[in-house]
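# Structural features, examined
Given next are the chains, with one letter for each unit.
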Amino acid sequence: LTGSRPAVEAMLARLSLPDGGGVLGPITVSGAGGPGTPVPAALLGDDSELVRAIVRVPRGQGRALALALKEAVAVRGARRETGHVHVQMDVAELV
C-alpha cells in the first residue's frame, strides 16, 4: 500500500488480515514521484507525506488477502475518503 499517511493508516485500520498475516510499516518513502513510486506526489496534497506499508501473509492466504484488500478499497470508495492509496500485490522487486 502506497499513498498519503492518513489514507494508508485508515486503510490498514480497516483491513481484516487473514491468519498469519502481518504489516510492515508504514514508513516514509523518499523521493516521492521518483522512479518506482506509483503515486504522483501531486495527488498527496501539500501537507501529506508519501508512505508505504507492506502487508504479508503465508503463500496459501494470498486469495484471502486479495479479498480483504478488495473489501477495504470498496469501503474507502463508498465513503469517498480523501487521499490516495495505491494497492499492488506480488511486487516483483520484493520477491
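In the block above lies the structure referred to throughout.
To start, this report covers the structure provided alongside it. (Residues numbered from 1 in each chain as written. Predicted model: local features only at pLDDT ≥ 70, side-chain atom pairs only at ≥ 80, totals over all residues. Heavy atoms only, no water.)

### Here we look at a nonpolar patch on the surface
The line we're drawing: Only residues whose relative accessible area exceeds 30% and that form no salt bridge enter a patch; like-charged residues are grouped when within 9 Å of one another, and nonpolar side chains (Val, Leu, Ile, Met, Phe, Trp, Tyr) when within 5 Å. Only the protein chains shown count as cover for residues, with accessible areas throughout obtained via the Shrake-Rupley method and a probe of 1.4 Å. Salt bridge, as used here: a side-chain nitrogen of Lys or Arg that lies within 4 Å of a carboxyl oxygen of Asp or Glu. Each residue's exposure class comes from its accessible area (1.4 Å probe, protein chains only) as a fraction of the maximum for that residue type: buried when under 20%, exposed when over 50%, partly exposed otherwise.
A cluster of nonpolar side chains, contributed by Val-73, Val-87 and Met-89, occupies part of the molecular surface with about 210 Å² of accessible area. Judged by relative accessible area, which is 32%, Val-87 ranks as partly exposed.

### Some words on the nonpolar core
This is how it is decided: Residue types Ala, Val, Leu, Ile, Met, Phe, Trp, Tyr and Cys, when buried and joined through side-chain atoms within 4.5 Å, form a set referred to as a nonpolar core. Going along the chain from the N terminus, every DSSP run of H or I of four or more residues is numbered as a helix, and every run of E of two or more is numbered as a strand. Contacts between residues were defined by any pair of non-hydrogen atoms, one from each residue, lying within 4.5 Å.
Counting residues in each nonpolar core, the largest one holds 14 residues, and the members touching the most others are Leu-1, Val-8, Leu-12, Leu-15, Val-55 and Val-85. Listed by contribution, the elements that provide at least two residues to this core are helix 1 (5-14), strand 3 (50-56) and helix 2 (62-78). When residues no more than four places from it in sequence are discounted, the contact partners of Val-55 are Leu-1, Leu-12, Leu-15, Leu-17, Gly-22, Val-23 and Leu-65.

### Focus on the pairing of strand 3
Which entries qualify depends on this criterion: By the convention used here, strands pair only if DSSP detects at least 2 bridges between them.
Direction of pairing for strand 1 (residues 2-4) relative to strand 3: antiparallel, over a ladder of three bridges. Paired with Gly-3 across the strands is Val-51, a residue of strand 3. Judged from the five bridges that link them, strand 2 (residues 22-28) and strand 3 form a sheet pairing that is antiparallel. Paired with Thr-28 across the strands is Val-51, a residue of strand 3.

### Let's talk about the pattern of salt bridges
Think of it this way: side chains of opposite charge can pair up when their charged atoms draw near. As enumerated under the stated definition, the model contains four salt bridges in all. Between Glu-9 and Arg-5 there is a salt bridge, and its shortest N-O distance comes to 3.4 Å. Note that Glu-9 and Arg-5 are positioned in helix 1 at a spacing of four residues, about one turn of the helix. The partner of Arg-14 in a salt bridge is Glu-81, and the shortest N-O contact between them spans 2.5 Å. Within this pair, whereas Arg-14 is found in helix 1, its partner Glu-81 is found in the loop between helix 2 and strand 4 (85-86), the two being separated by 67 residues in sequence. Taking relative accessible area as the criterion, Arg-14 reaches 24% and is therefore assigned partly exposed. A residue is classified by how much of its surface remains accessible, and Glu-81, at 25% relative accessible area, is partly exposed.

### Re the packing of helix 1 against helix 2
Each pair of packed helices can be summarised by the angle the axes make with each other and by the distance between the axes. To be explicit about the condition: A fitted line through C-alpha atoms represents every axis, and for helices the fit uses only the stretch in contact; the resulting angles, taken between N-to-C directions, go from 0 to 180 degrees. Geometric relationships in this document are graded by angle, where less than 35 degrees denotes roughly parallel, more than 145 denotes roughly antiparallel, 65 to 115 denotes roughly perpendicular, and other angles denote oblique. A clockwise turn of the near helix away from the far one marks a right-handed crossing, whereas an anticlockwise turn of less than a right angle marks a left-handed crossing. Gly is placed with the polar residues, together with every amino acid not listed as nonpolar (Ala, Val, Leu, Ile, Met, Phe, Trp, Tyr, Cys and Pro) or charged (Asp, Glu, Lys and Arg).
Here helix 1 crosses helix 2 at 125°, and the two axes come no closer than 9 Å. Judged by the angle between their axes, helix 1 and helix 2 are oblique. With respect to the hand of their crossing, helix 1 and helix 2 are arranged in right-handed fashion. For the pair formed by helix 1 and helix 2, the contact residues are Ala-7, Met-11 and Arg-14 on the first element and Leu-69, Ala-72, Val-73, Val-75 and Arg-76 on the second. Here the residues of the contact of helix 1 with helix 2 are counted per class, giving six nonpolar, no polar and two charged.

### Thoughts on the sheet that holds strand 4
Two orientations exist for strands paired in a sheet by backbone hydrogen bonds: parallel and antiparallel. With respect to topology, four strands assemble into an open sheet ordered 2-3-1-4, the strand pairing being antiparallel. A strand with exactly one partner marks an edge of an open sheet, and here the two such strands are strand 2 and strand 4.

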